[in-house]
Amino acid sequence: MNTLLDAYANITGQGVIDHLRQLAAPLRGMKVVHVNSTRVGGGVAEILEKLVPLMQELSIDTSWEVITGNDDFFQCTKAMHNTLQGSRTRIPENLLATYEQINRDNAEQLRAKLEEADFVFIHDPQPAPLLSHCPNRQGKWIWRCHIDASHPFRPVWKYLRGFVAGYDASIFSLARFARTLPHPQYIIPPSIDPLSEKNMELPEAEIKAVFSDFDLDPERPLLLQVSRFDRFKDPLGVIQAYKLVKRFVPDQQLVLAGGSATDDPEGEAVLQEVKEAAQGDPDIHILLLPPDSHRRINALQRAADIILQKSIKEGFGLTVTEAMWKGKPVIGGNAGGIGLQVINFNTGFRVNTPEGAALRIRYLLHHPEKMQAMGHKGREFVRDNFLLTRHLREYLTLILSLHYGGAERIELG
Ligand code: UDP
């Protein structure tokens, strides 16, 4: 029978899957519950969609519960998300009251299951108060924070901390995202799913189609940045770098692909600036793609020669992981999680300025063999470090370490 684990083994090698089986063996039959607030859309749901069946295949009794809320609840948790990432606005008392009430209501539905589970993973702030409604819980509870909480608006963090302090452990994506809490903290970086539409192998024809569909020339070098139109992603810096190179490599083309920014006034303003900067150059293509364009983005990344992510500020930078997985050299801004991925002069180049980016673009365009070598190293680096299987390995290791508590030595078969 072809299982999901087999499908991943084809990508990671059997050794990685054997290791997962080894880590999972002592956890056979244990009950693990993941809880978040949406079944579809967003990075957390995307990861759980594959992680949960993988854990089930490893004979861990894993389930995924989604809490339900109303408009006020999601307005509150959106505000919480923004304030934890630094925006400074107080959340009105009535919204916080709804947040607590919705969690109380959801706890009524989920209590029996959560209290008997061996391990409960609560994802992000939305369901964080559930713990306080499960006084007879048997297992260990882990708060998994997927957001950058390094500079939160203090009053909101203080409020949320009241709910998460009682957990047995918490997980942050990067060391610099973490907060001080009275329990062990684990750092588990994000990952991409190599079997998703965004990252799977594509037929050659589908990759080639982007050239005709977007009016690009397959014979000329193609530079690409995929990003929301956001100043921190520095699309203007990308255009500046492209223009600096253009004097020496006149036939290159640039694609800036992002979502349409209609619901984000700031994004709309950035998009206008980008359009102005691109004016008069038919080789700069600004693509506004619908939110479900995963295969399209995949094809664009595969069609490109060099991928830029010239961010000035960045969380982890999943677009970098995606680009490296497609075997492309990445020129990335010296910011955030890009530094974990783009190893300078090895899997790509890290730059601080448009001039720096231009220098590296020029160099790569003149050294196609380097492009290939860097792309290859990048792909292998992602295979080893940033695929979903590594994410799962670290969850299993964390579960084991909580399960065996302070044991000095844990022997796995
Ligand atoms: N993305 C997308 N459409 C767009 C722009 C971005 O699907 O128009 C995807 C991109 O492929 C990546 C994610 O959104 O998977 C962006 O994640 P990243 O960590 O790079 O940046 P963020 O937007 O979270 O700051």
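Being a predicted model, the structure only gives us computed values, none of them experimental.

1. Quick look at the site of the ligand
Okay, so step 1: The ligand sits among 13 residues. The nearest are K198, R228, K233, G259 and E322.
Okay, so step 2: The contact in question runs from an oxygen atom of the ligand to an N or O atom on the side chain of R228, over 2.7 Å.
Okay, so step 3: At a separation of 2.8 Å, an oxygen atom of the ligand approaches a polar backbone atom of L318.
Okay, so step 4: Contact with the protein chains covers 75% of the free accessible surface of the ligand, which is 540 Å².
Okay, so step 5: When contributions to the shell around the ligand are tallied by element, the ones reaching two or more residues are β8 (253-259) and α11 (318-325).

2. Describing the packing of aromatic side chains
Okay, so step 1: Under the defined criterion, the tally for this structure stands at 13 aromatic pairs.
Okay, so step 2: Their ring planes at 80° and their centres at 5.1 Å tell us that F73 and F74 sit as a pair that is edge-to-face.
Okay, so step 3: An aromatic cluster of three or more residues is present, and its members are F73, F74, Y99, Y159 and F163.
Okay, so step 4: Positioned above the aromatic ring of F349, the side-chain terminus of R360 is 4.7 Å from the ring centre.
Okay, so step 5: Over the ring of W325 we find R379; its NZ or CZ atom is 3.9 Å from the centre of that ring.

3. Concerning helix α4 (residues 71-84)
An α-helix turns once every 3.6 residues. As a result, residues three or four positions apart point the same way.
Okay, so step 1: Look at α4: 20 Å from first C-alpha to last across 14 residues, which is about the 20 Å you get at 1.5 Å a residue.
Okay, so step 2: Residues of α4 that are buried: F73, C76, T77, M80, T83 and L84. Buried residues of α4, viewed axially, fall in a sector of 125°; they line one side. Among the exposed residues of α4, those oriented more than 90 degrees off its buried face are D71 and K78.

4. As for the nonpolar core
Within soluble globular proteins, side chains that are nonpolar tend to cluster in buried spots.
Okay, so step 1: With 70 residues, the main nonpolar core has L114, L130, W141, W143, L160 and L300 as its most contacted residues.
Okay, so step 2: Looking at this core element by element, the count peaks at seven residues for helix α5 (residues 93-116).
Okay, so step 3: Look past the residues within four positions of L114 in its chain and what remains in contact with it is V33, V35, V120, L130, C134 and W141.
Okay, so step 4: Core analysis: the next-biggest nonpolar cluster, separate from the first, contains 36 residues, L20, V32, A45 and I171 among them.

5. Brief notes about the packing of helix α1 (residues 4-12) against helix α3 (residues 43-57)
Okay, so step 1: Running from N to C, α1 and α3 point in directions that differ by 105°, and their axes come no closer than 9 Å. In this view, α1 runs roughly perpendicular relative to α3, as classed from their interaxial angle. Touching L4, L5 and Y8 of α1 are K50, P53, L54 and E57, all from α3.
Okay, so step 2: Tallied by class, the residues present in the contact of α1 with α3 amount to five nonpolar, no polar and two charged.

6. Looking at the sheet that holds strand β5 (residues 169-172)
Okay, so step 1: Strand order in this open sheet of six strands is β2-β1-β3-β4-β5-β6, and the pairing throughout is parallel. On the outer flanks of this sheet lie β2 (61-66) and β6 (185-187), each paired with one strand and no other. Strand-to-strand twist across the sheet, computed as the mean angle between neighbouring axes with direction ignored, equals 20°.
Okay, so step 2: As paired elements, strand β1 (residues 31-36) and β2 share six bridges and run parallel to each other. What sits directly across from N36, in β2, is V66.
Okay, so step 3: Relative to strand β3 (residues 119-123), helix α15 (residues 388-403) is tilted by about 130°, and along the sheet it contacts β1, β3, β4 (140-144), β5 and β6.

7. Some thoughts on the pattern of salt bridges
Okay, so step 1: According to the stated counting rule, one finds 21 salt bridges in the structure shown.
Okay, so step 2: R231 is paired through a salt bridge with E273; the nearest N and O atoms lie 2.8 Å apart. Taken together, the residues span a long stretch of sequence, with R231 in the loop between β7 (222-226) and α8 (235-246) and E273 in helix α9 (residues 265-278) at a distance of 42 residues.
Okay, so step 3: Of the residues examined, R231 reaches a relative accessible area of 38% and is grouped as partly exposed.
Okay, so step 4: Where salt bridges share partners, they join D217, R220, K246, D281 and D283 into one cluster.

8. Quick word on α15
Okay, so step 1: Given a rise of 1.5 Å per residue, 16 residues ought to cover 22 Å, and the 22 Å separating the end C-alpha atoms of α15 matches this to within 8%.
Okay, so step 2: Along α15, the residues classified as buried are L388, T389, R390, H391, L392, Y395, L396, L398, I399, L400 and L402.
Okay, so step 3: Within two residues after α15, G405 carries a phi angle of roughly 55°, on the positive side.

9. Notes on the packing of α3 against α15
Okay, so step 1: Two elements in contact, α3 and α15, have axes whose closest approach is 11 Å; the angle formed by their N-to-C orientations is 60°. Judged by the inter-axis angle, α3 sits oblique to α15. α15 is crossed by α3, and the crossing has right-handed handedness. Note on element contacts: α15 touches α3 through L388, H391, L392, Y395 and I399, opposite I47, K50, L51, L54 and M55.
Okay, so step 2: Across the contact of α3 with α15, the residue classes break down as eight nonpolar, one polar and one charged.

The rules behind the values
- Residues numbered from 1 in each chain as written.
- Predicted model: local features only at pLDDT ≥ 70, side-chain atom pairs only at ≥ 80, totals over all residues.
- Heavy atoms only, no water.
- Near = heavy atom within 4 Å.
- Polar contact = N/O pair within 3.5 Å; in protein donor to acceptor, adjacent residues only side chain to side chain.
- Areas by Shrake-Rupley, 256 points an atom, 1.4 Å probe, with all protein chains shown as cover.
- Helix = DSSP H or I, 4+ residues; strand = E, 2+ residues; numbered from the N terminus.
- Phe/Tyr/Trp six-rings, centres within 6.5 Å; stacked < 30°, edge-to-face > 60°.
- Lys NZ or Arg CZ within 6 Å of the ring centre and 35° of its normal.
- Expected span 1.5 Å × (residues − 1).
- Buried < 20%, exposed > 50% of the residue type's maximum accessible area, 1.4 Å probe, protein only.
- Arc of directions from axis to C-beta.
- Core = buried A, V, L, I, M, F, W, Y, C linked by side-chain atoms within 4.5 Å.
- Contact = heavy atoms within 4.5 Å.
- Axes fitted to C-alpha atoms, helices over the stretch in contact; angles between N-to-C directions.
- Parallel < 35°, antiparallel > 145°, perpendicular 65-115°, else oblique.
- Nonpolar A, V, L, I, M, F, W, Y, C, P; charged D, E, K, R; others polar.
- Pairing = 2+ DSSP bridges.
- Salt bridge = Lys/Arg side-chain N within 4 Å of Asp/Glu carboxyl O.
- Left-handed = near helix turned anticlockwise from the far one by under 90°.

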